[in-house]
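For reference, the chains in residue letters:
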Amino acid sequence: MTNVVLVTVDSLRADHLGGYGYDRDTSPFIDSLAERGLSFDAYANANATRASFPSIITSTYPLEHGGFDYLSENRTTVGTAMSDAGFDTAAFHSNLWLSAEYGYDRGFDRFYDSKSEPTLTARLRTFLKQNLDNDGVVYNSLQYLYDRTEERAGIDIGQTYKDAESITDRAIEWLETSTDETFLWVHYMDVHHPYVPHERELSELGLDGVDSEREAIKLRRKMLEQPEAVTDEELETLVELYDAEIRYCDRHIERLYEAVKETLGLSDTAFVVTSDHGEEFAEHGGFSHNPSMYDEVLHVPFVVEGADRVGVTSETGYRDTDVELLDTAPTVCQLGGITPPGEYRGRPAVDRLKDGDDARTISETTMGDDYKLSLRADGWKYIWDRDEDRTELYDLRADPDEREDVAESEPDRAASMREELVEHLAVVRETNEALPEIGMDAETERRLKDLGYLE
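A.B. asks: Before we move on, could you go through the confidence of the model for the protein and cite the residues and values that matter?
C.D. replies: Taken residue by residue, the protein gives an average pLDDT of 88. The fraction at 70 or more is 86%. In the predicted structure, residues 118-130 sits below a pLDDT of 50 and forms 18 contacts with residues beyond four places in sequence or in another chain. Scored below 50 in pLDDT, residues 144-158 makes 38 contacts in the model with residues more than four places away or belonging to other chains.

Dropping the structure here:
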């Protein structure tokens, strides 16, 4: 068996990495992994973390098994697959949509999601929520004060996520105790907004950014709440901050790699680096990643390093075979030397490469009033907004930026792709099941709100 390290980076779009053609040196280490190993264009099966991760961790579609509010026990996590095969398994992250209470700890011997470490502010908010009427004047006044303090002063009260340094430290500490074949999953939140200014990385990239975290948080508020008011200069600043976050995260992925080299050795270790979704910077008028189905949100990196060392393939370099995030868990299994569970929807990336089999990527989400699906296949992208019954069709070879909707001039193609999505929904409905309702404490609610997941 082979050790496998899966690294996922929240909100990391492929076209902001040097190895995917970006003109800033945001990702020197990830680029080096891609150069030594394999890299693919990957497309997410959803547009946001909560919906996307079932496809990464269980190789099933987001809307299967009753949806992504809770990870159904009928989905087999890659942690379970690797653990059942005898691997020592661990996961480290701080995105609360991926916490143990939502089922993401299944199959992991060591699981850290940061939920067990509430701050003093968090404990106070929990106390107030539990002991005050949520509709009462006092509670609403305190909530209003909290929101306006962040918006006007730019003060981030509490902590939204653990930074890459902290997460990497925890993963390294665990690596130093692991003695068996190892599967390690590390998820980094830093590239997700709020984009915290990192002086070292901004300097290395020759960028100005902003003078303080306070200014960055104020700009984040404007980005989310008044996107139409963001100026060209502010947009440039947001992109600079985002790029510096990538560089910061890249540095700690290198730290993780070096620790793996020292503890496990590289001769029988493989790495996979990918992301759950990308990020918008007003390409289609919006920011963040919700509820867009355009490629700035769906196009993510997919790097496999070490497949040649462990005998899976001798090929290296960039390959133009498209993969999807459903392929992540099967790829991990193949690298580890085990057969992927039969219920997995995806395929190992190396198998797609050998067969020249581009993924036909279906992406889907339901969030509030937004119920959207898309199908990317054969150089075309079809987007279906089911709530408004509005469709878009793009010829990606002629129009990679998805600017010209050709649904009216290509009615047969649009109808055919729509029918494929209708058939897909029928398959999804066959797996429908009732999921448990998970309560949310005040700290979880606050942190998810700070990340823009809740209003």
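A.B. asks: Quick rundown of the layout of surface pockets? Include the residues and the values.
C.D. replies: In this structure, the second largest pocket encloses a volume near 530 Å³. Taken together, 24 residues line the second largest pocket, and the ones lying closest to its centre are Tyr 43, Asp 295, Arg 376, Leu 396 and Pro 400. Every element with two or more residues in the lining of the second largest pocket is listed here: strand S2 (38-43), helix H10 (295-298) and strand S13 (370-377). Here the lining of the second largest pocket is built from residues that sort into five nonpolar, three polar and 16 charged.

A.B. asks: Account for the packing of aromatic side chains, naming residues and giving values.
C.D. replies: The geometry of an aromatic ring pair comes down to the distance between the two centres and the angle between the two planes. This model, assessed by the stated rule, comprises 13 aromatic pairs. Note on Phe 108 and Trp 185: the rings are 6.0 Å apart at their centroids and 40° apart in plane angle, and the pair reads as tilted. You can see Phe 108 sitting in the loop between strand S3 (88-92) and strand S4 (110-112) and its partner Trp 185 sitting in strand S5 (residues 182-188), a full 77 residues away along the chain. Neither residue differs from the other here; Phe 108 and Trp 185 are each classed as buried. A ring pair is formed by Tyr 195 and Phe 281, whose centres lie 6.1 Å apart and whose planes are at 40°; its orientation type is tilted. With Tyr 195 in the loop between S5 and helix H7 (199-205) and Phe 281 in strand S7 (residues 280-281), this pair connects stretches of sequence that are 86 residues apart. The class of Tyr 195 is buried, set by a relative accessible area of 3%. Residue Phe 281 is classed as buried on the basis of its relative accessible area, which comes to 6%. Pairwise contacts between aromatic rings join Phe 53, Phe 108, Phe 111, Phe 183 and Trp 185 into one cluster.

A.B. asks: Kindly report on the nonpolar core, identifying the contributing residues and their values.
C.D. replies: One finds Leu 184, Tyr 188 and Leu 256 to be the most contacted residues of the largest nonpolar core, which totals 50 residues. Broken down by secondary-structure element, the contributors of at least two residues to this core are strand S1 (3-9), helix H1 (28-36), S3, helix H6 (164-175), S5, helix H8 (213-225), helix H9 (232-263) and strand S6 (269-274).

A.B. asks: Outline H1, supporting the account with residue identities and numerical values.
C.D. replies: For H1, the full list of buried residues reads Phe 29, Ile 30, Asp 31, Ser 32, Leu 33 and Ala 34. Buried positions along H1 lie against S2, H9, S6, strand S9 (299-305) and strand S10 (317-318).

A.B. asks: Can you tell me about the pairing of S3, naming the residues and giving the values?
C.D. replies: Burial analysis of S3 places five of its five residues in the buried class, which makes it a mostly covered element. Residues Asp 88, Ala 90 and Phe 92 line one face of S3 and the alternating positions Thr 89 and Ala 91 line the opposite face, and both faces are buried. As defined by bridge partners, S3 adjoins S5 across five bridges and the pair is classed as parallel. Bridging from a neighbouring strand, Ala 91 pairs with Trp 185 of S5. In this structure, S3 lies alongside S4, joined through three bridges in parallel fashion. Across the sheet, Ala 90 pairs through a bridge with Arg 110, a residue of S4.

How each quantity is defined
- Every chain begins its residue count from 1, and numbering advances along the sequence as written.
- Given that this is a predicted model, residues contribute local features only at a pLDDT of at least 70 and side-chain atom pairs are listed and counted only at 80 or more, while totals for whole chains, interfaces and linings are drawn from all residues.
- The side-chain values count all of the structure's non-hydrogen atoms but skip hydrogen atoms and water molecules.
- A score between 0 and 100, pLDDT records how confident the predictor is in each residue.
- Whether two residues touch is decided by their heavy atoms; if any such pair falls within 4.5 Å, the residues are in contact.
- Here a cavity denotes grid points, spaced 1 Å and computed from the protein atoms alone, that fit a 1.4 Å probe unable to get out, and a pocket denotes an open set having protein on both sides within 12 Å along at least 5 of 7 lines; residues with an atom within 4 Å of a point are the lining.
- Grid points are joined across faces, edges and corners, and a volume is the space filled by probe spheres set on the points.
- Put simply, DSSP marks the helices as runs of H or I at least four residues long and the strands as runs of E at least two long, and each gets a number from the N terminus on.
- When residues are grouped by polarity, Ala, Val, Leu, Ile, Met, Phe, Trp, Tyr, Cys and Pro land in nonpolar, Asp, Glu, Lys and Arg in charged, and all others, Gly among them, in polar.
- Two rings belonging to Phe, Tyr or Trp (six-membered ring only in the last case) form a pair when the distance between their centres is within 6.5 Å. Interplanar angles under 30 degrees mark stacking, angles over 60 mark edge-to-face geometry, and anything in between is tilted.
- Each residue's exposure class comes from its accessible area (1.4 Å probe, protein chains only) as a fraction of the maximum for that residue type: buried when under 20%, exposed when over 50%, partly exposed otherwise.
- Here, nonpolar core refers to any group of buried Ala, Val, Leu, Ile, Met, Phe, Trp, Tyr and Cys residues whose side-chain atoms link them within 4.5 Å.
- One bridge is not enough; two strands pair if DSSP finds at least two bridges between them.

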